[in-house]
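Topology and contacts: notes
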Amino acid sequence: MSSFIKGVIGWQAAGPQPTGAETIQRLCDRVASSTLLEDRRDAVRALKSLSKKYRMEVGTQAMEHLVNILQTDRSDSEILGYALDTLYNIISNDEEEEQDAVISLPVSGKSKNVSMPDENAQKQPDDVGAQFTEKFIQDPEHITLLLTLLEEFDFHVRWPGVKLLTALLKSQGVTLQGIILVSPMGVSRLMDLLADSREVIRNDGLLLLQQLTKGNAAIQKIVAFENAFERLLDIITEEGSSDGGIVVEDCLLLLLNLLKNNSSNQNFFKEGSYIQRMKPWFEVGDDNSGWSAQKVTNLHLMLQLVRVMVSPVNSPGATASCQKCMYQCGLLQQLCTILMATGVPADILTETINTVSEVIRGSQINQDYFASVNAPSNPPRPAIVVLLMSMVNERQPFVLRCAVLYCFQCFLYKNQKGQGEIVATLLPSTIDANSISAGQLLCGGLFSADSLSNWCAAVALAHALQDNLTQKEQLLRVQLATSLGKPPVSLLQQCTNILSQGSKVQTRVGLLMLLCTWISNCPIAVTHFLHNQDNVPFLTAQISENLGEDERLVQGLCALLLGICIYYNDNSLENYTKEKLKQLIEKRIGKENFVEKLGFITKHELYSRAALKPQPVFPSPEQMLFDHEFTKLVKELEGVITKTIHKSSEEDQKEEEVKKTLENHDNIVTQYKDLIREQDTQIQELKEKVESMTTQNEQMTTTVTQQLSQIQQHKDQYNILKLRLGKESQSNNQGDAAQVNGLQTEELSQLREELEELHKQHTLLQTQLTDKDAQINTLKSAAQTAESPAAGSDNTELVQELEALKSQVQSQLAEISQLKTERQEMLRKAEAGSSDTVSASDSSIDATKMAELEKRLAVQTSETERLKEGRAELEQQLASATSTVAILQNEKAKLQTEVQESKKEQDDLLMLLADQDQKIYSLKQRLKDLGETTVTLSLQVEDDDDIDTRDQTTDDDEDEDED
C-alpha cells in the first residue's frame, strides 16, 4: 500500500514529503478524473486505508466523490464496498477509535503508559461523526441510495451498507427515521435483512432495526406488520431461547422496542397467539446451578417482555385480556414454577416475582391460582407464606423484599376474597398453632426490631384493608398476647402503643399509614380508636410540638389521623364528638397550624415519587416512606378534612339536620321504589297475558284465513263437478224420453204432486240455508277478534261441517232439477201421444220406471230428514261458540280496566315523588344560602331518573296494549 501511495504522489528521493491532506487531495482528484474503473477502485481503496488515521481530511474532501461512486459505479461491487467502508469509518464512533489520550510518564526510571482522561479527545470523535452525519443526510436522496444498495445480495455491498445506516441512525436517529418513513418500501427493505442466510448480516440487521424503532410508534407498527414478531420468535427458537447467545438478546431488545408503550402492537402480538410461544422460554430444569451471564441477561429481558404486556400503565381492558391469555396457555404456571425453584439467581428470582405480581394484579382468576400455589417443602406451604417469610427477614436482599411486598400488594389489589383470607388468619377462630400463617408473619414483622420489616408489614396489612369495610371491622377483633401474666390487647391498641414509645421514623410512618387506612370510612374503628383515652392527647402533643425536619412527616400523618377521627366521627362518644375535637384543635394547636402540618405530607419529596407507579422502587431502605395506594388516600382526604376543620358548630348542626332530612326522604323514596317495583311486576304479568292472548288471536286469524282459502278451493271443485253432472243428466234425459210416452194420466198427476212437494221442500231448505250462511258470516267476524284457540278450533269445525252440508244440499238440488226436467219431458210427451195405444211391454217398462222414481224419492226424503237433524246440531254448536266469544270479550275488558287502574296509581305516585323532589330542592337551596357545597345525592337522582324512565316506558306499553 505504501508503494501505491508513493506511486500516486510521485516518489522523490529527496525533498519534503507530502502531508496527509495533500495525499488525500490527490486521491480525490484521481477518483474524480480517472476513466478506468481499476484506477478509481485503487484510489477508493487508498482512501479507505487512510480514513481512520485522517478521518477529518477524508470526510471533508472525499465524501462527495464517494457518493458519486455509489451512484455511478453500481455494476462493480468491490468499489461500492470500499466506498461504503470509507463512509462508515468517517461517520461511525466505534469504541476502538474513541480511546483516551495515552501519555508516557517515567516511573522509577522506566517508561509506563498511563491512561489520562482527555475530555477534548473524547468529545472530538463524537463531534466529527455528528458533523459528517449531518452533511451526509442533508440530501435525503443519499439515504434512498443506501436503501437501494441494501437490495444488492453481494456480501461486500450489503454488509457495509447495513453498518453505515446503523451508524447514521445512532448519530441522527430522529432525522433518519423521518426520511426512512416516507421512503417507498424503506422499512420493507430493512426487514428483508432478517431473512438473509448469512448470520453476520442478519445480526447486524437486528442492530439496525433496534436503532430504527427507538421511540417511533409509526415505524414500530410498520415493522410489526411486516411479520417481525414471527421472524424474531423463530430466530430466538433457532438460537436456543434463554440458552442462546447475544443474538437472542438483540431479538429481545428489538421486541421490547416494538411492544413498549405501543398498544396497537401489543394487541397484534396477543391476537397473533405469540404470547403462547413465550411459554417454552421459562422451562427451567431442576439443575439450576451454573447459569451463564448471557442466560441471566436473556431471561431478564424475557421477563421484561412479559411485564410489558401486563403493565399497570396499559389500558385495563388490554391488560386483563393478556392476563387471561397467560393463564390459559400456562405461562403463569411456568413463572410460578421458577418462583418456587431452588438455585435460581437472585436477580432472576426478583424479576420473576415482579413479573408474577403484574400478571396477577387485578385478575381474579390469576389471583385465585396464585393463592393455590404451594412451595415444594415438607410439609407444603403456600407460596404467599414463603414469600412473606422473605419479606420480614432482614437478612434478605433489599430489592427482593421490595419485590415480595409488590407481589403481595398485587395479590390483594381488587381482591376482596384474598383480603378476607389474609385477615381470617389473624382471627381467634382460625389460628392454627401448628403452622405459620400469613397473618402471623405480618404481625411478627409489624412488631419486630427491624424498621424496614415494620414498614413492609404495615403496608401489606393496610392493603388487606383497602376499600373493604368488612375486613376493617373484622380486624378490630384481633387480640395480641404481649407478655405472660398480662391481659391481651387489641391490634389497634398495640399499634398506638408502639407509636407512643418513640420508635424510628420509618416504623412510625408505616404504623400511621396503617391506622389511617384502617379507620378511614369506618366509624366503628374510629370509635375504638377514640375509646383509648391516651390516643387523642398523644396526637395533639405530636402535632403541636416544633420538631426537626425529619419529624415533620410524622406530624403531618398525625394530623391526618386526627382529621380522619373528626371527619368519620359518628358522635357516639360524648367526650370526643366532632365539635369537641375541633375545639381541642383550636385551643391546643390552632386551625391554621393544623392545616399547615397536614400539608407537610404532600410537600415531601418522596410523596411524588411514590405516587407515580404502584411498584415500590426505592434506591435505599431509608427512603421507603410512602405507599402508592396511601398517596391516593391522602389526595382524597386532605381537602375534606381541611374543610371540616374550618366549619362552625352551627354549620355542622345544620348539615347534620340536612343529612337526617335527606335520609328520611331517602327512606320514603325507597318505600315508593318498592311499591313501584311491585306494580311493575304486576304490570309486567298483565303485559305477558295480553301478549299471549294477542299471539293466540294471530294464530287463530291465520288458521281462519287458511280455512277460507280451502273452502274457496272446494267451491271451485264443486262448480266443476256440477257442470260435469249437468252434461251427464242431459244425455240421460234424451235416452229416456222415448219411454215416457206410455205413462198413464193418473200416474202423471201423482208425479206432479210429488214433484211440487219436493219443490216446496227445496224452497224451504234454500231459505234455511241462506239464514245459516248469515250466521256463519257473523261467526267468522267474531272468530277474527276472539282470543282463545279453543273458540277458533270450534268455529273451524263448524265451518267445515257447514261446507259439507252445503255440498250435500247442492247435490240434492242437482237431482231435484234433473227430476223436474224429466217430469216436464214426460208431460210433453204424454200430451203429444195421448191417442196412441200403449203396448203391454210399454206398460211393464212404465211400471219399472215408476218404481225406480219412487225409490229415488224415498231416498231424497230420508236424506232431507238427516240434513234437518244436522242443521239442529250445527245451531247448538254455533250458540256455544257465540257464548265462548262473549266470555273472551268480557275477560279482555277486565284486563283493560286493570291496566287503566295501574296507570292511575302510577300517576299518583309520580305526583308524590314530584312533591319529594320539591322538598329536596328547597333543602339544597337552604344549604347554598348557608354558603356550603350542596351534598349531591347521585344515587337519588339516578333512581329518580330510572323511575321517570320506567314510568314513561310503562305508559308506552299501556298505550300499545290499548291499541
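The structure under discussion appears in the preceding block.
**Remarks on the overall build of the protein**
For the protein, the helix and strand inventory stands at 41 helices and 6 strands. Looking at the protein residue by residue over its 963 residues, the buried ones come to 46%. Intrachain contacts of the protein at a sequence separation of at least 6 include 73% that bridge at least 24 residues. Surface exposure of the protein reaches about 49,300 Å², of which carbon and sulfur atoms provide 50%.

**Focus on the packing of helix α22 (residues 398-412) against helix α23 (residues 416-424)**
With their axes 7 Å apart at the nearest point, α22 and α23 run at an angle of 120° to one another. What the angle tells us is that α22 and α23 run oblique. Along its contact with α22, which presents Phe 408, Phe 411 and Leu 412, the element α23 presents Gly 418, Gln 419 and Ile 422. Looking at the contact of α22 with α23 residue by residue, the class counts come to 4 nonpolar, 2 polar and no charged.

**Focus on the side chain of Asn 265**
Considering the arrangement of structural elements, one finds Asn 265 in helix α15 (residues 263-271). Its relative accessible area of 0% is what places Asn 265 among the buried residues. A polar side-chain atom of Asn 265 sits 3.1 Å from the main-chain carbonyl oxygen of Gln 220. Excluding residues that lie within four positions of it along the chain, Asn 265 makes contacts with Gln 220, Lys 221, Ala 224, Phe 229, Leu 258 and Leu 259.

**As for the packing of aromatic side chains**
Scanning all chains against the criterion turns up 11 aromatic pairs. When the ring of Phe 269 is compared with that of Tyr 274, the centres are 5.5 Å apart and the planes differ by 40°; the resulting orientation is tilted. Ring-pair connections join several aromatic residues into one group, and the members of that group are Phe 225, Phe 229, Phe 268, Phe 269 and Tyr 274. Taking NZ or CZ as reference, Lys 295 lies 4.5 Å from the ring centre of Trp 291, over its face. The lysine or arginine in question, Arg 361, covers the ring of Tyr 413, its NZ or CZ lying 3.8 Å from the ring centre.

**With respect to the environment of Thr 355**
If you trace the backbone, Thr 355 turns up in helix α19 (residues 346-360). Residue classification places Thr 355 among the buried residues on the basis of a relative accessible area of 0%. In sequence terms Thr 355 and Leu 303 are 52 residues apart; their C-alpha atoms lie 6.4 Å from each other. When sequence neighbours within four positions are dropped, the list of residues in contact with Thr 355 reads Leu 303, Val 306, Arg 307 and Leu 335. A distance of 2.7 Å separates a polar atom in the side chain of Thr 355 from the backbone oxygen of Glu 351.

**With respect to helix α20 (residues 364-372)**
For α20, the set of buried residues is Asn 366, Gln 367 and Phe 370. Projection of α20 onto a plane perpendicular to its axis shows the buried side chains occupying an angular sector of 100°, all on one side. Where α20 is buried, its residues touch α17 (316-328), α18 (331-340), α19, α21 (383-391) and α22.

**Quick notes on the packing of helix α31 (residues 552-567) against helix α32 (residues 578-588)**
One can describe the packing of α31 onto α32 by two numbers: an axis separation of 9 Å at closest approach and a directional angle of 150°. In terms of orientation, α31 and α32 fall into the roughly antiparallel class. Contacts between α31 and α32 pair Leu 562, Cys 565, Ile 566 and Tyr 567 from the former with Lys 578, Leu 581, Lys 582 and Ile 585 from the latter.

**Structural notes on a nonpolar patch on the surface**
Together, Leu 181, Val 182 and Ile 222 make up an exposed nonpolar region whose accessible area comes to about 250 Å². Looking at the element boundaries, Ile 222 is found in helix α12 (residues 217-225).

**Looking at the environment of Asp 250**
By secondary structure assignment, the location of Asp 250 is in helix α14 (residues 246-259). Taking relative accessible area as the criterion, Asp 250 reaches 11% and is therefore assigned buried. Taking C-alpha positions, Asp 250 is 10.0 Å from Gly 205, a pair spaced 45 residues apart along the chain.

**Focus: the side chain of Arg 508**
Among the secondary structure elements, Arg 508 is positioned in helix α28 (residues 505-519). Look at Arg 508 and you get buried, because its relative accessible area is 9%. Arg 508 has contacts with Leu 499, Ser 503, Gln 542, Glu 551 and Val 554, leaving out every residue within four places of it along the chain.

**Details of unusual backbone geometry**
A positive phi angle, near 70°, is found at Asn 227, a position not held by glycine. With respect to the secondary-structure elements, Asn 227 resides in the loop between α12 and α13 (228-238). For Asn 227, a relative accessible area of 37% corresponds to the partly exposed category. Positive phi outside glycine occurs at Asn 521, with the angle close to 60°. Locating Asn 521 in the fold gives a position in the loop between α28 and α29 (523-531). A residue is classified by how much of its surface remains accessible, and Asn 521, at 48% relative accessible area, is partly exposed.

Conventions adopted
- Residues numbered from 1 in each chain as written.
- Predicted model: local features only at pLDDT ≥ 70, side-chain atom pairs only at ≥ 80, totals over all residues.
- Heavy atoms only, no water.
- Helix = DSSP H or I, 4+ residues; strand = E, 2+ residues; numbered from the N terminus.
- Buried < 20%, exposed > 50% of the residue type's maximum accessible area, 1.4 Å probe, protein only.
- Contact = heavy atoms within 4.5 Å.
- Areas by Shrake-Rupley, 256 points an atom, 1.4 Å probe, with all protein chains shown as cover.
- Axes fitted to C-alpha atoms, helices over the stretch in contact; angles between N-to-C directions.
- Parallel < 35°, antiparallel > 145°, perpendicular 65-115°, else oblique.
- Nonpolar A, V, L, I, M, F, W, Y, C, P; charged D, E, K, R; others polar.
- Polar contact = N/O pair within 3.5 Å; in protein donor to acceptor, adjacent residues only side chain to side chain.
- Phe/Tyr/Trp six-rings, centres within 6.5 Å; stacked < 30°, edge-to-face > 60°.
- Lys NZ or Arg CZ within 6 Å of the ring centre and 35° of its normal.
- Arc of directions from axis to C-beta.
- Patch = residues over 30% accessible without salt bridge, like charges linked within 9 Å, V, L, I, M, F, W, Y side chains within 5 Å.
- Salt bridge = Lys/Arg side-chain N within 4 Å of Asp/Glu carboxyl O.

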